[in-house]
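Fold and geometry: a report
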Amino acid sequence: MPDYAAGENTITSFAHSFVNAGGEIIGVQRTPFPNMGDPAPFMAEIADAQPDLVYAFYSGGAAVTFVKAYADFGLAGNIPLLSSGFMVEEDVLPAQGEAALGVRSGLHWALLLDNPVNKAFTAAYKERTGRDANVFAVQGYDTARVIVEMLNRVEGDTSNVDKMVEVLPDIQFESPRGPFRFDAKSQNPSQHIYLREVREVDGVLHNVIIEDLGEIADPGDNSKDLQV
Amino acid sequence: METFIIQLLNGLVFSMLLFTMAAGLSLIFGQMDVINLAHGSFYLLGGYIGLTMVRRLDSFWLALLVAPLMVGALGLVLEYVFLRRLYGRHRHLDQVLFTFGLALIAADLIRWNWGAYVESVPPPELLSGQIPLFTVQFPVYRLFLIVVGVTLAVLLGLLLERTRIGAIIRAGVADAHMVSALGIDIHKVFAGVFALGVALAALAGVLGAPVLNLYPGLDFEILILTLVVVVVGGLGTLRGAFFGSLLIGMADTFGKAFLPEFTLFLIFAVMAVVLLLRPSGLFGLEGV
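Residues numbered from 1 in each chain as written. Chains lettered and ligands numbered in written order. Predicted model: local features only at pLDDT ≥ 70, side-chain atom pairs only at ≥ 80, totals over all residues. Heavy atoms only, no water.

1. A look at the overall build of chain A
The helix and strand inventory of chain A stands at seven helices and seven strands. Going from N to C terminus, chain A has its helices and strands arranged as α-α-β-α-β-α-β-α-α-α-β-β-β-β. Taken over C-alpha atoms, the radius of gyration comes to 19 Å for chain A, in line with the 17 Å a tight globule of 228 residues would show. Seen through its principal axes, chain A has C-alpha atoms that stretch 60 × 45 × 30 Å. A burial count over chain A gives 47% of its 228 residues as buried. Long-range pairs, those at least 24 residues apart, make up 59% of the contacts in chain A with a sequence separation of at least 6. If you sum the accessible surface of chain A, you get close to 11,000 Å²; carbon and sulfur atoms cover 51% of it. Where the 16 positive side-chain charges of chain A centre and where its 33 negative ones centre are 5 Å apart. (Helix = DSSP H or I, 4+ residues; strand = E, 2+ residues; numbered from the N terminus. Rg over C-alpha atoms; globule rule 2.2 N^0.38 Å. Buried < 20%, exposed > 50% of the residue type's maximum accessible area, 1.4 Å probe, protein only. Contact = heavy atoms within 4.5 Å. Areas by Shrake-Rupley, 256 points an atom, 1.4 Å probe, with all protein chains shown as cover. Lys, Arg positive; Asp, Glu negative; His and termini not counted. Charge placed at Lys NZ, Arg CZ, Asp CG, Glu CD.)

Okay, here's the thing in structure tokens:
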């Protein structure tokens, strides 16, 4: 995982659930952020440790570097690779290519997610940009939607900030990711999480949804409560 | 122990990639007294030209040949039009401003042309795949990088030590004015060395693409590492670039293997220690 806040949060959350479910963690690698440079030393350490599975969290350039090196060193196919969905999202999948095949990930959205809002969104996005949508596009879209909903609820009156904060928790709508609302406790989104696997669909690599894991509230920053 | 040997190999691979970069940077500094802060940009530009070649012509080998030639030619033009006006002992600030500005402009032009998404280049068919080595499947392409790096070091060494051109270049490093006084057109030598230096950076860009991929920002990441190598090894000498690359490549690899949280710290700690003990680097020229 990259050595920064979101990396810690993600790994901590995963480790917490994983250990509670009976898993054993035999090692954690904190790699330089934002980019890890040459990934080879990390691959050699993974091969040396021979774990039953590897869980990783990367995004953008580091995601391509990691996933490609994982395949280059022959680890792909031998040790299953799990990840937070950002690591194999649509923005990096073309560069990863076949190296990403079989990677399983959990995320609150997938390009192929079958609901009317997502179909309309992904089609419109492709028409406008010429590229497939990715989770970051969805997050931007939903953020704008939350802002619009909030402005509607205060009838455009932005002078009273307290009022704006007050209406925020009640906002919910159908997002491309499915039903979207805020969790009262953590103030983070509460949403469906999907288990996805990278497969070839009509000659193109995509994240195919294997299972809808149901609605899960984002616990927020829990790095202080739990330690890896 | 087995993993130690593999990490040694990994360190060697990364060192050789760094050497390809550092040799050019060091050569340019030693010869022209110019610190080329756009060196990382020539790396990235070479990599992206390689990417286009691989996509259009489906040949990594052609990319390996053409990208350095194109970037070298660009280097000739840049030297002739701009850099030539900035030579001189007291014009380091002008040179730094120029090459840094060039790096910023290049970064935007590259992003404009190739986009901001991460791109990857597959290694050539011949070198894809792995060979089993103790606990890992070691990628053949990485072994190829070691071969290329060592070959390059030998070739550059022969060029500098055994040829007439090399003698002129070495003489230029020692005293450019004297070389000029002996009737050699030092400007041609400068232009040639600059073109060779940036062509090496482009070569490193193509070689590195299957390993480090290509993305905006890589230009400065690689530049900083290369600067560290050249400072550690000693500015202006091939031997310095080679051993500096080995030291920093190994520090990076073993840092990541044993103390991943301190990788960057370790690299700079090595640099600090070397500079404390030998202020002009391991093989630096005195007084530079």
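We are not done yet, so read on.
2. Notes on the confidence of the model for chain A
For any part of a model where pLDDT is low, the fine detail of the predicted coordinates should not be relied upon. With 96% of its residues at a pLDDT of 70 or more, chain A has an overall mean of 91. Of all the helices and strands in chain A, helix α1 (residues 5-20) of chain A carries the lowest mean pLDDT, 86, while helix α5 (residues 116-129) of chain A carries the highest, 96. (pLDDT = per-residue confidence, 0-100.)

3. Here's the deal with the domain arrangement of chain A
Note: interface size is frequently given as the accessible area lost on complex formation between the parts. Residue and element names in this part refer to chain A. Parsing chain A into structural domains produces domain 1 (5-113 + 189-217) and domain 2 (116-182). Look at where the C-alpha atoms of domain 1 and domain 2 centre, and you get two points 27 Å apart. Across the boundary between the two partners, domain 1 contributes 20 residues, which contact 17 residues of domain 2. Counting the contacts that link domain 1 with domain 2 gives one salt bridge. The interface formed by domain 1 and domain 2 holds ten residue pairs in polar contact (both at pLDDT 80 or more) in total. When contributions to the side of domain 1 that touches domain 2 are tallied by element, the ones reaching two or more residues are β6 (189-201) and β7 (204-217). (Domains from an automatic or database assignment. Salt bridge = Lys/Arg side-chain N within 4 Å of Asp/Glu carboxyl O. Polar contact = N/O pair within 3.5 Å; in protein donor to acceptor, adjacent residues only side chain to side chain.)

4. A short note on helix α3 (residues 60-72) of chain A
All names here are of chain A. For α3, which comprises 13 residues, the first-to-last C-alpha distance of 18 Å matches the rise-based estimate of 18 Å (1.5 Å per residue) to within 8%. Here α3 lies mainly inside the structure; ten of its 13 residues are buried. For α3, the full list of buried residues reads G61, A62, A63, V64, T65, F66, V67, K68, A69 and Y70. Looking one or two residues beyond α3, the residue adopting positive phi is G74, at roughly 70°. (Expected span 1.5 Å × (residues − 1).)

5. Details of the interface of chain A and chain B
Between chain A and chain B, the residue contacts involve 29 residues of the former and 30 residues of the latter. For the pair chain A and chain B, the summed buried surface comes to about 2,500 Å²; carbon and sulfur atoms form 55% of the total. Summed over the three residues of chain A that lose the most area to chain B, namely D38, P41 and F73 of chain A, the buried surface amounts to 22% of that side. The tally of links from chain A across to chain B stands at two salt bridges. Where D38 of chain A meets R142 of chain B, a salt bridge forms, and the shortest distance between an N and an O atom there is 3.1 Å. Our count for the chain A to chain B interface comes out at twelve residue pairs in polar contact (both at pLDDT 80 or more). (Buried area = accessible area lost by both parts, 1.4 Å probe.)

6. Notes on the pattern of salt bridges
All names here are of chain A. This structure, assessed with the given rule, holds 16 salt bridges over all chains. Of the charged contacts in the structure, one is a salt bridge between D142 and R177, with a shortest N-O distance of 2.7 Å. Remark: R177 occurs in the loop between β4 (172-175) and β5 (178-182) and D142 occurs in helix α6 (residues 135-153); sequence separation between them is 35 residues. Assessed through its relative accessible area of 2%, D142 is described here as buried. Among the residues examined, R177 registers a relative accessible area of 5% and is labelled buried.

7. Observations concerning the nonpolar core
Grouped together as the largest cluster of nonpolar side chains are 117 residues, with contacts concentrated most on F66, Y70 and M87 of chain A together with M32, F42 and L207 of chain B. Sort the elements by how many residues they give to this core and helix α8 (residues 186-212) of chain B lands first, with 16 residues. The contact partners of Y70 of chain A, leaving out residues within four places of it in the chain, are M43, I46, V54, L75, A76, I79, P80 and L81 of chain A. (Core = buried A, V, L, I, M, F, W, Y, C linked by side-chain atoms within 4.5 Å.)

8. Points about the packing of aromatic side chains
Summed over the entire model, instances satisfying the criterion amount to 27 aromatic pairs over all chains. Their ring planes at 10° and their centres at 3.7 Å tell us that Y4 of chain A and F33 of chain A sit as a pair that is stacked. In this pair, Y4 of chain A sits in the segment before α1 while F33 of chain A sits in the loop between α1 and α2 (40-49), placing the two residues 29 residues apart along the sequence. Accessibility expressed as a relative area gives 28% for Y4 of chain A, which makes it partly exposed. On the accessibility criterion, F33 of chain A (40% relative accessible area) is partly exposed. Taking 5.7 Å as the distance between ring centres and 40° as the angle between the ring planes, the aromatic pair formed by Y141 of chain B and F144 of chain B counts as tilted. With a gap of three residues between them, Y141 of chain B and F144 of chain B both fall in helix α5 (residues 140-162), about one helical turn apart. With respect to class, Y141 of chain B is no different from F144 of chain B; both count as buried. Of the aromatic side chains, those joined through ring pairs into one cluster are F19, F242, F243 and F283 of chain B. Over the ring of Y117 of chain B we find R131 of chain A, and its NZ or CZ is 3.5 Å from the ring centre. Sitting over the face of the ring of F14 of chain B, K256 of chain B holds its NZ or CZ atom 5.7 Å from the ring centroid. (Phe/Tyr/Trp six-rings, centres within 6.5 Å; stacked < 30°, edge-to-face > 60°. Lys NZ or Arg CZ within 6 Å of the ring centre and 35° of its normal.)

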